[in-house]
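# What the coordinates show
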Amino acid sequence: MTKDTDEITPLAPGERPTLRTIAEQTGYSVATVSRALANDPRIAKTTREKVSLAAKNLGYVPDRAARRLRTGRTQVVSLLLNTEHEFLGFTHEFLTGITDVLRGTGYSVTVVPDTVGEDRLDPVRTILRNNLADGILFTRTECFDPRVRLMMENGFPFVSHGRTEFTTPHPWVDFDNETFARKAVHRLVEKGRKRLSLILPEDRFTFTQHLRYGFMSAVRETGVEYEIVTDVTLDSATADIAEATKRRRYRPNPPDGYICVGEVTALVTLTALGDVGVTPGVEADVLAKRASPIFDNIRPRIETVFEDLRATGRAMAEMLLRRMAGEPPEALNVLFRPDTGFCGDSDH
């Protein structure tokens with residue numbers, strides 16, 4: 001005989017609920033409880049709902065080890081994350097988007113540090129060798145990323161933040177950095193700037209190529225003078241970026257327009273300009289890509305283009321679930337476009 005969920009007896013302190021506990025409390029068999037929690041359509045919907053509510057009230061958490069032995073799946077998604085990033089709120093926004101999608105699916109996410117300067121294949125090999133996850137998400141994608149090659153060769157589900165130049169299709173989510181760079185150049189030229197400066201990421205990253213192409217296309221279209229900084233990259237220490245910016249101001253014909261790929265570089269640039277007596281918005285303009293409201297609280301205001309990292313995380317997690325369910329990779333691509341307008345000083 002089954003029981004109503006309001007008849008559930010609280011467990012003793014420290015007692016861990018199991019499938020048998022739920023079965024005893026609801027009056028169903030252990031097999032029925034197990035199938036109901038797995039959302040087996042052969043179990044009546046009312047039964048599934050009743051078992052689910054009882055499990056929630058008891059604080060039941062599935063035994064991942066037992067599930068892994070039974071299904072061969074870990075119910076884990078691994079996120080390879082480079083913690084040094086051009087956006088201040090990258091980890092929070094990105095991870096929030098991912099967990100929003102995974103909530104209620106039974107999947108949890110584990111974060112694995114991805115150090116760009118080391119062997120980036122090592123964490124992937126460890127995950128594959130030890131069956132630590134059912135799928136992988138990762139950032140800072142390279143043109144011929146060795147992680148992509150390894151996972152494609154092993155048929156392992158993944159989604160990359162950024163594209164590659166492999167001819168074999170694979171799932172990816174990206175931001176249109178080419179259009180961002182092109183629009184940034186045109187906007188600064190509209191504001192009367194004569195010489196533009198850009199600090200790029202390292203050459204191996206795919207979005208470096210997109211940024212460079214968009215920037216160079218636009219400077220050729222407009223005829224504006226330009227320089228791509230060569231002694232530092234987007235991943236250089238902030239002190240080095242500041243020093244390079246200030247050093248350039250003391251040489252002839254310094255830039256009067258700065259395109260910053262992220263918030264960190266923009267803040268460093270603003271500080272460096274201030275240190276040498278340059279007022280942003282007067283002698284020079286700074287235009288940045290942002291992912292947080294940080295520039296709403298900084299004066300003088302600068303113009304920005306928003307990249308929605310929370311939406312990016314959501315798209316990547318949704319795509320990975322589809323890929324793990326067996327969907328082919330050909331249509332699993334999302335390219336986020338920059339906003340049509342600029343936020344910042346022109347709005348005030």
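An account of the accompanying structure is given in this report.

Conventions and cut-offs
- Residues numbered from 1 in each chain as written.
- Predicted model: local features only at pLDDT ≥ 70, side-chain atom pairs only at ≥ 80, totals over all residues.
- Heavy atoms only, no water.
- Axes fitted to C-alpha atoms, helices over the stretch in contact; angles between N-to-C directions.
- Helix = DSSP H or I, 4+ residues; strand = E, 2+ residues; numbered from the N terminus.
- Left-handed = near helix turned anticlockwise from the far one by under 90°.
- Contact = heavy atoms within 4.5 Å.
- Expected span 1.5 Å × (residues − 1).
- Buried < 20%, exposed > 50% of the residue type's maximum accessible area, 1.4 Å probe, protein only.
- Polar contact = N/O pair within 3.5 Å; in protein donor to acceptor, adjacent residues only side chain to side chain.
- Pairing = 2+ DSSP bridges.

Moving on to the packing of helix α1 (residues 19–26) against helix α3 (residues 45–58). To describe two helices that pack against each other, one gives the angle between their axes and the distance between the axes. Interaxial distance between α1 and α3 falls to 10 Å at its minimum, and their mutual angle equals 115 degrees. When you trace α1 past α3, the crossing you get is right-handed. Packed against α1, whose contacting residues are T21, I22, Q25 and T26, the element α3 presents V51, A54, A55 and L58 at the interface.

As a further point, take helix α12 (residues 309–324). Helix length check: α12 (16 residues) gives 22 Å between terminal C-alpha atoms against 22 Å at 1.5 Å per residue, within 8%. Among the residues making up α12, those that are buried are L309, A311, T312, G313, A315, M316, A317, M319, L320 and M324. Looking at the packing, one finds that the buried side of α12 touches β1 (76–81), α5 (90–102), β3 (135–138), β4 (158–161), β5 (172–175) and β11 (333–336). Its side-chain oxygen 3.2 Å from the backbone nitrogen of R310, D308 forms the N-cap of α12. Positioned one or two residues after α12, G326 has a phi angle of 105 degrees, which is positive.

As a further point, take α1. Taken as a whole, α1 has its buried residues at T21, I22, A23, Q25 and T26. Against α2 (30–37) and α3 lie the buried residues of α1. A positive phi of about 90 degrees marks G27, the residue just after α1.

This next bit is on the sheet that holds β3. Spatially, six strands are ordered β2-β1-β3-β4-β5-β11 in an open sheet, and the strand pairing comes out parallel. Taken across any chain shown, the strands that pair with only one partner, and hence form the sheet edges, are β2 (108–113) and β11. For this sheet, the mean inter-axis angle between neighbouring strands, taken without regard to orientation, is 15 degrees. Set on the sheet, α5 makes contact with β1, β2, β3 and β4; between it and β1 the angle comes to about 165 degrees.

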